[in-house]
Amino acid sequence: MTLDQQFDIASYEARSNPFPIYQKMFEAGDVHWNEATQGWYLLRYDDVTSALRDSRFSASRLQPVYNRLPDALKEKYALLFHSLGLWSLLLDPPEHTPIRKLIATAFAPRLISGLRPKVEQVVDELIDAVIDTGEIKVIADFAYPLPAIIIAEMLGVPVEDRDMIKGWSSAIAKFFGAQQMTPDVIEQTQDAVAQMNDYFSAILDERRAHPQDDIITGMLNAEVDGEKLSQDEMLATCSSLIFGGHETTTYLIANAMVALMTHPDQKDLLLADPALIGNAVEECLRYDAPLQRTTRASVAEIAIGDAVIPPGQRIFVMLGAANRDPKHYANPDTFDITRKDIKHASFGYGLHFCLGASLGRLEAQVAVMHLLERLPNLRLAETPVYVDSHSFHAPEDVRLAFEAG
């Protein structure tokens with residue numbers, strides 16, 4: 001355990017390339033306290049996966065932030081903390097259970113596998129739009145619209161609203177990725193959440209009057225243990241699905257393309273053997289997870305190695321570090337799409353394992369393979385600049401060049 005600030009995990013250098021700092025932290029100890037962020041850092045694969053399954057690490061981590069606000073700000077920002085506090089990934093049992101069960105039915109792997117033709121169609125249409133230009137902006141032209149179109153169709157919201165919805169989703173991403181919960185960050189996020197709630201309230205009303213074959217209609221009709229979700233729970237579920245459907249898959253595809261472009265031997269290997277695509281996406285998830293960390297709050301005293309974490313503490317569970325743990329992986333900093341038994345932490349573990357994992361995997365597999373096969377001599381056109389986030393790791397965009405036509 002270290003009790004110092006020698007590791008500036010919040011610097012832009014660390015946000016752009018956190019992996020060298022992870023290795024230095026591994027060498028110094030397994031558990032770290034950082035005074036600047038007022039939090040404990042868990043990095044080892046075994047500690048990270050155990051924490052994500054341990055009920056002493058509460059997922060309801062917004063409440064401590066809300067409790068620290070002055071009374072006037074608590075009243076002002078009650079909507080934000082109430083709405084996000086109903087997201088299933090921020091709830092503990094028993095509140096977590098019915099929402100989780102409901103969402104799980106919509107994202108069952110057998111249902112997701114049936115979406116492959118639609119995903120392939122959207123992917124090819126997006127590639128068709130740029131194939132004669134010789135250049136593609138991976139996020140703007142491709143990795144953002146793809147999951148946005150798919151999740152919009154699943155929910156039954158108009159695809160033409162995707163840019164508006166993306167703006168709300170991005171505001172929430174900044175909230176979760178901020179080092180400090182400043183008034184500006186909280187204000188902007190509350191505005192986004194309020195607009196999103198109004199938007200989905202209208203859609204819920206429309207679906208009550210005119211049911212359709214989509215997730216929102218299913219959510220209105222579903223019962224879990226004889227009870228239906230409240231209006232607030234349905235609004236929170238809609239916004240959480242939109243957020244999950246936009247951010248993480250977009251960043252997964254972007255990171256995967258950067259990894260393959262900067263490791264041309266692996267790109268060539270995948271082109272020679274497309275059957276490796278499933279394992280390749282898992283290695284991309286391990287090598288450069290879109291979500292580098294999640295947060296928990298201790299609800300009891302917890303001993304990890306020689307560290308004793310008191311109750312009521314903020315704990316940063318470092319998914320990206322766990323994926324590079326030299327005690328768990330041989331040559332952890334090597335990108336190898338033939339790596340065996342990957343078992344990364346990028347989708348979490350336990351009760352809060354990402355329900356959209358099957359969909360994200362499908363979209364990434366189709367996206368990466370079609371890009372490589374349809375755009376000859378695909379290569380980086382510029383060095384990526386990374387997003388300013390303490391949770392997400394991904395480029396702001398990735399400009400690739402290829403042989404047009």
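Scroll up a little and you will see the structure.
Residues numbered from 1 in each chain as written. Predicted model: local features only at pLDDT ≥ 70, side-chain atom pairs only at ≥ 80, totals over all residues. Heavy atoms only, no water.

Asks: Explain the pattern of salt bridges here, please?
Replies: Side chains that differ in sign of charge can pair as their charged atoms come close. This model, assessed by the stated rule, comprises 21 salt bridges. Salt-bridge contacts for Arg 374 lead to Asp 128; the nearest nitrogen and oxygen are separated by 2.6 Å. Here Arg 374, found in helix H19 (residues 357–374), pairs with Asp 128, found in helix H9 (residues 116–128); they are 246 residues apart in sequence, far enough to count as distant. For Arg 374, a relative accessible area of 27% corresponds to the partly exposed category. Its relative accessible area of 43% is what places Asp 128 among the partly exposed residues. Each of Asp 30, Arg 44, Asp 325 and Lys 327 takes part in salt bridges that share partners, so that together they form one network. (Salt bridge = Lys/Arg side-chain N within 4 Å of Asp/Glu carboxyl O. Helix = DSSP H or I, 4+ residues; strand = E, 2+ residues; numbered from the N terminus. Buried < 20%, exposed > 50% of the residue type's maximum accessible area, 1.4 Å probe, protein only.)

Asks: Looking at this model, I keep getting lost on the packing of aromatic side chains. Mind explaining?
Replies: In the structure shown here, the tally under the stated rule is 17 aromatic pairs. Each ring, one from Tyr 41 and one from Phe 316, has its centre 4.8 Å from the other, and the planes form 35 degrees; the classification is tilted. Remark: Phe 316 occurs in strand E8 (residues 314–317) and Tyr 41 occurs in strand E2 (residues 39–42); sequence separation between them is 275 residues. The pair Tyr 41 / Phe 316 is uniform in exposure class, with both members buried. With a centroid separation of 5.5 Å and 70 degrees between ring planes, the pair formed by Phe 175 and Phe 176 is classed as edge-to-face. With a relative accessible area of 0%, Phe 175 lands in the buried category. An aromatic cluster is built from Tyr 66, Phe 81, Trp 87, Phe 175, Phe 176, Phe 243, Tyr 251 and Phe 392, whose rings are joined through pairwise contacts. Lying over the aromatic face of Tyr 287, Arg 324 brings its terminal NZ or CZ to 4.1 Å of the ring centre. (Phe/Tyr/Trp six-rings, centres within 6.5 Å; stacked < 30°, edge-to-face > 60°. Lys NZ or Arg CZ within 6 Å of the ring centre and 35° of its normal.)

Asks: What's the story with the layout of surface pockets in this structure? I'm lost.
Replies: Taking a probe equal in size to a water molecule and rolling it over the atoms shows the remaining empty space. By volume, the second largest pocket amounts to about 290 Å³. Ser 170, Lys 174, Tyr 251, Val 387 and Asp 388 are, among the 13 residues lining the second largest pocket, the residues nearest its centre. Every element with two or more residues in the lining of the second largest pocket is listed here: helix H12 (162–177) and helix H15 (231–261). Residue contributions to the lining of the second largest pocket peak at four residues, all from H12. (1 Å grid on protein atoms, 1.4 Å probe; cavity = no way out; pocket = protein on both sides within 12 Å on 5 of 7 lines; lining within 4 Å. Points joined across faces, edges and corners; volume = space filled by probe spheres on them.)

Asks: How should the pairing of E8 be read in this particular structure?
Replies: Side chains on a regular strand alternate between the two faces of the sheet. Sheet topology note: the E2/E8 ladder contains three bridges and is parallel. Across the sheet, the residue bridging to Tyr 41 is Phe 316, located in E8. Taken together, the four bridges between strand E5 (residues 294–298) and E8 define a ladder with antiparallel strand orientation. Each residue of the ladder has a partner; that of Ala 297, found in E8, is Arg 314. (Pairing = 2+ DSSP bridges.)

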